[in-house]
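# Structural characterization, general
What follows is the residue order along each chain.
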Amino acid sequence: MLGGLTPRAFLRRHWQKRPLFVRGALPRFAGMIDASALCVLARRDDVESRIVERRGNRWETEHGPFERISIRDSRWTILVSGVNLHLAAADDLLRRFQFIPQARLDDVMVSYATPGGGVGPHVDSYDVFLVQGFGRRRWRVGRREYLTGPGDLLYVPPGMRHDGVALGPCATYSVGFRAPRGAELGAAFLDWLHERGLPDAAYRDPGLRPTTNPSLIPKQMLDFTSSVLGKISWSRKDALGFLGEYLTMPKAHVVFRPFRPGSGARPLRRSLVRLDAKTQLLYSGQRFFINGEAVIVPRRHASALRKLADSRLLDGERLAAQPLAALICGWRRLGYLHFERP
Ligand code: SIN
Ligand code: CO
């Protein structure tokens, strides 16, 4: 897929450095969803979508969900994010990039465009692999131009200007990554600290004297503030706890479908356990994070759970000992994973 490069060589030479174009990277790839199925997704309120239409040198964007979609003959494009959450084949495409940590993988966005369509020249703050589905598109990346057809792959590093114009009706699959900015992490971390309880001493000033400068901020109040803030502390462990919850937190519109036990309840021991495409399960040592929640697992069970996290699929037999089994069954009830016939 990387044009003869090993993942190691790709990461060293191209990742966050320079584009890579690979003709026929995914042979026989013609995409996995057609325009009308994409429009069906764009009408759902649990799916993020937009339509971009070019008028002269302006690109007008409308955000979904859409009630009615009329595909224009030209200069029109519809983009649907998170298609991997709804379509197993798109999830498979995302997982082909597993040589990059899952904490970095974001989603597969699919766009369908009519001739002249595209989102216009722009830079993204994240890395993206653009895989061409059916049809052709002309990409300008920095100062270079690439004509892509079905199965071609173009890697664009963050911050590099690019512009893809549809040459005919065409579909493009963008495998995108996430790289949180410091300010975003900082703000989310402060919320996390707040939820865990911040020092909450009450301010008191029993020795207060009458003031002749009523607008002056009292020194005592500043001392109190500075001492309270000085008590806010965290360890690397807390940073991990925060990061794991943050990275696995489902996006706002993601909903899990809880499992309703029916007559054909399949026992864990005789099932193949598969993580739901919407589930993010990450770990560090014995600490696991699933869809925004943290769990610590006894050492003897950690390796089986790590295996499930890495391969997203595991023989139920390996997860069937307590207390791990109870955890797995709980996650099944929440719709975080499914039991399948082996
Ligand atoms: C597109 O699919 O039209 C846009 C993808 C991108 O520029 O990242
Ligand atoms: Co882009």
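None of these values were measured; they are calculated from a predicted model.

What counts as what
- Residues numbered from 1 in each chain as written.
- Chains lettered and ligands numbered in written order.
- Predicted model: local features only at pLDDT ≥ 70, side-chain atom pairs only at ≥ 80, totals over all residues.
- Heavy atoms only, no water.
- Donors = N, O, S within 2.8 Å, 3.2 Å for Na, K, Ca; no water.
- Helix = DSSP H or I, 4+ residues; strand = E, 2+ residues; numbered from the N terminus.
- Buried < 20%, exposed > 50% of the residue type's maximum accessible area, 1.4 Å probe, protein only.
- Pairing = 2+ DSSP bridges.
- Axes fitted to C-alpha atoms, helices over the stretch in contact; angles between N-to-C directions.
- Contact = heavy atoms within 4.5 Å.
- Near = heavy atom within 4 Å.
- Polar contact = N/O pair within 3.5 Å; in protein donor to acceptor, adjacent residues only side chain to side chain.
- Areas by Shrake-Rupley, 256 points an atom, 1.4 Å probe, with all protein chains shown as cover.
- Patch = residues over 30% accessible without salt bridge, like charges linked within 9 Å, V, L, I, M, F, W, Y side chains within 5 Å.
- Salt bridge = Lys/Arg side-chain N within 4 Å of Asp/Glu carboxyl O.
- Lys, Arg positive; Asp, Glu negative; His and termini not counted.
- Charge placed at Lys NZ, Arg CZ, Asp CG, Glu CD.
- Domains from an automatic or database assignment.
- Buried area = accessible area lost by both parts, 1.4 Å probe.
- Nonpolar A, V, L, I, M, F, W, Y, C, P; charged D, E, K, R; others polar.

## Re the coordination of the cobalt ion (ligand 2)
At 2.0 to 2.1 Å from the cobalt ion (ligand 2) lie its protein donor atoms, namely His122 (NE2), Asp124 (OD) and His162 (NE2). Between consecutive donors of the cobalt ion (ligand 2), the numbers of intervening residues give the motif H-x1-D-x37-H. Here aspartate 124, found in the loop between β5 (105-113) and β6 (128-132), pairs with histidine 162, found in strand β10 (residues 162-166); they are 38 residues apart in sequence, far enough to count as distant. Each member of the pair aspartate 124 and histidine 162 is classed as buried.

## A word on the sheet that holds strand β15 (residues 293-296)
Strands belonging to one sheet form pairs held by backbone hydrogen bonds; the direction of such a pair is parallel or antiparallel. The sheet built from three strands is open, its strands ordered β13-β14-β15 with antiparallel pairing. Each edge of the sheet is formed by a strand with only one pairing partner; in this case those strands are β13 (281-284) and β15. The mean inter-strand angle of the sheet, taken between neighbouring strand axes irrespective of direction, is 25°. Pairing geometry for β13 and strand β14 (residues 287-290), over four bridges, is antiparallel. By the bridge assignment, leucine 282 is partnered in β14 with phenylalanine 289. The strands touched by helix α7 (residues 299-311) within the sheet are β13 and β14, with β13 carrying the most contacts at an inclination of about 135°.

## A closer look at the site of ligand 1
As a structural note, the neighbourhood of ligand 1 is formed by Leu79, Met109, Ser111, His122, Asp124, Leu130, Arg137, Trp139, His162, Thr172 and Ser174. Side-chain polar atom of histidine 122 to an oxygen atom of ligand 1: 3.0 Å apart, as the coordinates give it. Histidine 162 places a side-chain nitrogen or oxygen 3.2 Å from an oxygen atom of ligand 1. Burial of ligand 1 by the protein amounts to 96% of the accessible area it has alone, namely 260 Å². Mapped by element, the contributors of at least two residues to the shell around ligand 1 are β5, β7 (137-141) and β11 (170-177).

## Focus: a positive patch on the surface
On the surface, a cluster of positive charge is made up of Arg8, Arg12, Arg13, Lys17 and Arg18. With respect to the element layout, arginine 12 can be found in helix α1 (residues 7-13). Residue classification places arginine 12 among the exposed positions, given a relative accessible area of 52%.

## Re the domain arrangement of the protein chain
By convention, interface size is frequently given as the accessible area that disappears when the constituent parts associate. Assigned domains within the protein chain: domain 1 (7-177) and domain 2 (268-340). Each of domain 1 and domain 2 has a C-alpha centre, and the two are 32 Å apart. Residue-level contacts link eight residues of domain 1 with eight residues of domain 2. Overall, the association of domain 1 and domain 2 removes approximately 620 Å² of surface from exposure, summing both partners, and the carbon and sulfur fraction of that is 46%. When the buried area of domain 1 at its contact with domain 2 is split by residue, Leu85, Arg95 and Gln102 rank highest and sum to 67% of it. Here domain 1 is connected to domain 2 by zero salt bridges. At the junction of domain 1 with domain 2, the criterion picks out three residue pairs in polar contact (both at pLDDT 80 or more). The residue makeup of the side of domain 1 that touches domain 2, split by class, is two nonpolar, four polar and two charged.

## So, the pairing of β10
Two faces make up the sheet, and in a regular strand the side chains alternate between them. Within β10, five of the five residues are buried, leaving the element largely enclosed by the surrounding structure. Residues His162, Gly164 and Ala166 point to one face of β10 and Asp163 and Val165 to the other, with burial holding for every one of them. Taken together, the five bridges between β7 and β10 define a ladder with antiparallel strand orientation. In the strand pairing of β10, tryptophan 139 is matched with glycine 164.

## Structural notes on the side chain of threonine 248
Residue position: threonine 248 is located in helix α6 (residues 236-248). In this structure the side chain of threonine 248 is engaged in a polar contact, spanning 2.8 Å, whose partner is the backbone oxygen of glycine 244. A polar side-chain atom of threonine 248 sits 2.8 Å from the main-chain amide nitrogen of glycine 292.

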